[in-house]
Amino acid sequence: MPPFDIQVRTTLTTDQIITLAASGESETLEFKETTGSRREAAMTVCAFLNRSGGQVLFGVKDNGEVVGQQVGGQTIEDLSAELGRIDPPAFPSIERVRVDDEREVIVVSMSQGASRPYAYRGTAYRRVGNTTVAMSAEDYNWMLFERMHSEQRWENQPADGWTVADLDTAEIQRTVAEAVRRGRLEEPLSREPSDMLRGLGLLRDDVLLRAAVVLFGDTRRMEFDMPQCLLRVARFRGIDRMDFSDNRQFNGNAFTLFGNAEKFLRDTLPIAGRFEDDRFERIDEPLYPPLATREAIANALCHRDYSIGGGSVGIAVYDDRLEVTSSGSLHFGLTPEMLFAPHESRPWNPLIARTFYRRGIIEEWGSGTLKMADLARGAGLPTPEIADEGGAVTVRFRPGNYVDTTGISINNPAERRDAILVLLDSADNGLSRREIHALLGPGVSERQVRRELTALSNRGLIESMGRGPLTRWMRVSGSDRANRGQTGQTGGRC
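This write-up is about the structure you can find in this document. Because the structure is a prediction, the values reported are computed rather than measured. (Residues numbered from 1 in each chain as written. Predicted model: local features only at pLDDT ≥ 70, side-chain atom pairs only at ≥ 80, totals over all residues. Heavy atoms only, no water.)

1. Quick word on the environment of Pro89
Here comes step 1: Relative to the assigned elements, Pro89 resides in the loop between strand E4 (86–87) and strand E5 (93–98).
Here comes step 2: Pro89 gets classed as exposed once you look at its relative accessible area, which sits at 55%.
Here comes step 3: Sequence-wise, Pro89 and Tyr120 are 31 residues apart; in three dimensions their C-alpha atoms are separated by 10.0 Å. (Helix = DSSP H or I, 4+ residues; strand = E, 2+ residues; numbered from the N terminus. Buried < 20%, exposed > 50% of the residue type's maximum accessible area, 1.4 Å probe, protein only.)

Take a look at the structure:
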């Protein structure tokens, strides 16, 4: 018998094995010609457990040729014995798939391990492309920290020096009332702050938790005792941080910061007009959908790392984008790409996130990024971008007329004109000179933009609407130019 409880089953077919092998080795797939390489295979199983899972196929050559091998009872026992050297214990599935009268392919499959990090013969491994390598001490320690996170983390530790009297009672009452109304919280024993906090799981054995302070702390004290509960907002002119028209900071609890963030966006974001086929009147809406930006702000407040003393949530509005940034990194093996596919919700601060959910600010677990993407696309915007770099996670929204010009050469007038035409082709309602300048990037001067707009206008390729700062430039279609019978009939002041 195998040294641990491992199930051997057969659900795959020969054709499925051939198709799988033809896809080639990858971050989640490894080939071994025989179980004689079971030690190397166990390293890979360990790496799969530490990442996103995967499969090891025995009886397949490196080039994907399915050859199979003879499999007996001892073969499975030897393989399971080697897998039994993985610590903590893991229980991958083993399948035997017959490829001819005498030979079989053994498939070892596993999902991401629940007790990462895993080590094989005392060494932890990770997957890099189609290669298995030893994990660094830093990565191992960080993964171990994530494993311990469910029991001991920053938010569920005692808030030393804080008492219930130091919290915003009115905010607690609003949260509990809304949670009860939505059926997301049972009515507490009383509306005394202590009883309400117990119902929210923020007061345990009469000890106030840090999550309670983050959520309901009195704003006057937060600036000095919890400086990381900080919101930074700014409106920059152009596409970099060289010049700004508004730059402020707010200290306070999470609900106060959430309200300040929404107000800043309402006051700052321009209104974009659009027309729909079945409506005559213009529809005026904020440049970025409020429900999508609301979701991004809520995620930033719930999932950021509050243990970083100098951390914060930031909102930056540029001419060509909106960025919502929060201190910390993605955890539990999540990548930016995975956030736009169905994924398990594993909040870094579950107590804070659960309170936001009960308040109705978060509607469904694990769907925030999917909702942001749907709302953005529904408003005619590109799918938001997510970056995990520099010790922070950034959600980036682009306007509907955004065109990535990074691959466009703009070293001479002709190339600059081509780039302007590309931008205007994608802008249904035209662009101002300032917007065009911002989208072309810092390599183009305002004077050059003005000169190229004049040249394009004189050739009848573009036309201006409005006067002064309200002037917007539009692309002239080929049919319009033909109907006019001549060029140079459009244009205005740049």
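2. Thoughts on the packing of helix H9 (residues 254–268) against helix H10 (residues 290–303)
Here comes step 1: Running from N to C, H9 and H10 cross one another at 150 degrees; their axes reach a closest spacing of 10 Å. If you check the angle between H9 and H10, you find them roughly antiparallel. Handedness of the H9/H10 crossing: right-handed. Residues Ala254, Leu257, Phe258, Ala261, Glu262 and Leu265 of H9 pack against Thr293, Arg294, Ile297, Ala298 and Leu301 of H10.
Here comes step 2: Across the contact of H9 with H10, the residue classes tally to eight nonpolar, one polar and two charged. (Axes fitted to C-alpha atoms, helices over the stretch in contact; angles between N-to-C directions. Parallel < 35°, antiparallel > 145°, perpendicular 65-115°, else oblique. Left-handed = near helix turned anticlockwise from the far one by under 90°. Contact = heavy atoms within 4.5 Å. Nonpolar A, V, L, I, M, F, W, Y, C, P; charged D, E, K, R; others polar.)

3. A word on the nonpolar core
Here comes step 1: Within the largest apolar cluster, 64 residues are counted, with the highest numbers of intra-cluster contacts made by Leu167, Leu197, Leu202, Leu208, Phe216, Ile315 and Phe356.
Here comes step 2: Setting aside anything within four residues of it in sequence, one finds Leu167 in contact with Trp162, Ile172, Leu197, Leu208, Ala212, Val213, Phe216, Gly217 and Asp218.
Here comes step 3: Counting residues in each nonpolar core, the second largest holds 22 residues, with Leu49, Ile76, Leu79 and Ala90 among its members. (Core = buried A, V, L, I, M, F, W, Y, C linked by side-chain atoms within 4.5 Å.)

4. Let's talk about the side chain of Asn253
Here comes step 1: Tracing the backbone shows Asn253 in the loop between strand E13 (244–251) and H9.
Here comes step 2: The exposure class of Asn253 is buried, given its relative accessible area of 0%.
Here comes step 3: Polar contacts involving the side chain of Asn253 include one to the main-chain amide nitrogen of Phe255, which spans 3.1 Å.
Here comes step 4: There is a polar contact of 2.8 Å between the side chain of Asn253 and the backbone nitrogen of Thr256.
Here comes step 5: Setting aside chain neighbours within four positions, we find Asn253 in contact with Asp168, Val213, Val214, Leu215, Phe216, Gly217, Thr219 and Met222. (Polar contact = N/O pair within 3.5 Å; in protein donor to acceptor, adjacent residues only side chain to side chain.)

5. Focus: the environment of Arg346
Here comes step 1: Here Arg346 is to be found in the loop between strand E17 (322–327) and helix H11 (350–359).
Here comes step 2: Exposure remark for Arg346: the relative accessible area of 36% places this residue in the partly exposed category.
Here comes step 3: Put simply, Arg346 and His303 are 43 residues apart on the chain and 9.3 Å apart in space, counted from C-alpha to C-alpha.
Here comes step 4: Not counting chain neighbours up to four residues away, the residues in contact with Arg346 comprise Gln112 and Phe332.

6. Thoughts on the sheet that holds E4
Here comes step 1: Strand order in the open sheet formed by four strands is E4-E7-E8-E9, and the pairing between neighbours is antiparallel. Two strands lie at the open edges of the sheet, namely E4 and strand E9 (131–134), each paired on one side alone.
Here comes step 2: Across two bridges, the pairing between strand E7 (residues 119–120) and strand E8 (residues 123–128) is antiparallel. Paired with Ala119 across the bridge in E8 is Ala124.
Here comes step 3: Across the sheet, helix H2 (residues 38–49) touches E4, E7, E8 and E9, and the angle it forms with E8 is around 75 degrees. (Pairing = 2+ DSSP bridges.)

7. Observations concerning helix H5 (residues 169–181)
Here comes step 1: For H5, which comprises 13 residues, the first-to-last C-alpha distance of 18 Å matches the rise-based estimate of 18 Å (1.5 Å per residue) to within 8%.
Here comes step 2: Summarising the contacts, the buried residues of H5 are in contact with helix H6 (193–199), helix H7 (210–216), H9 and H11.
Here comes step 3: Remark: Gly183 follows H5 within two positions and exhibits a positive phi of approximately 75 degrees. (Expected span 1.5 Å × (residues − 1).)

8. Looking at the pattern of salt bridges
Here comes step 1: Enumeration according to the criterion identifies 39 salt bridges in this entry.
Here comes step 2: The partner of Arg191 in a salt bridge is Glu187, and the shortest N-O contact between them spans 2.8 Å.
Here comes step 3: Using a relative accessible area of 48% as the deciding quantity, one classes Glu187 as partly exposed.
Here comes step 4: Overlapping salt bridges, with partners in common, bring together Asp320, Arg321, Glu323, Glu385, Arg396 and Arg398 in one network. (Salt bridge = Lys/Arg side-chain N within 4 Å of Asp/Glu carboxyl O.)

9. Overview of helix H12 (residues 368–378)
Here comes step 1: Considered for burial, the residues of H12 that qualify are Gly368, Thr369, Met372, Ala373 and Ala376. Considered in projection along H12, the buried side chains sweep an arc of 135 degrees and stay on one side of the axis.
Here comes step 2: Turning to H12, the residues buried within the fold contact H10, strand E18 (385–389) and strand E19 (392–397).
Here comes step 3: Directly beyond the C-terminal end of H12, a positive phi value near 80 degrees is found at Gly380. (Arc of directions from axis to C-beta.)

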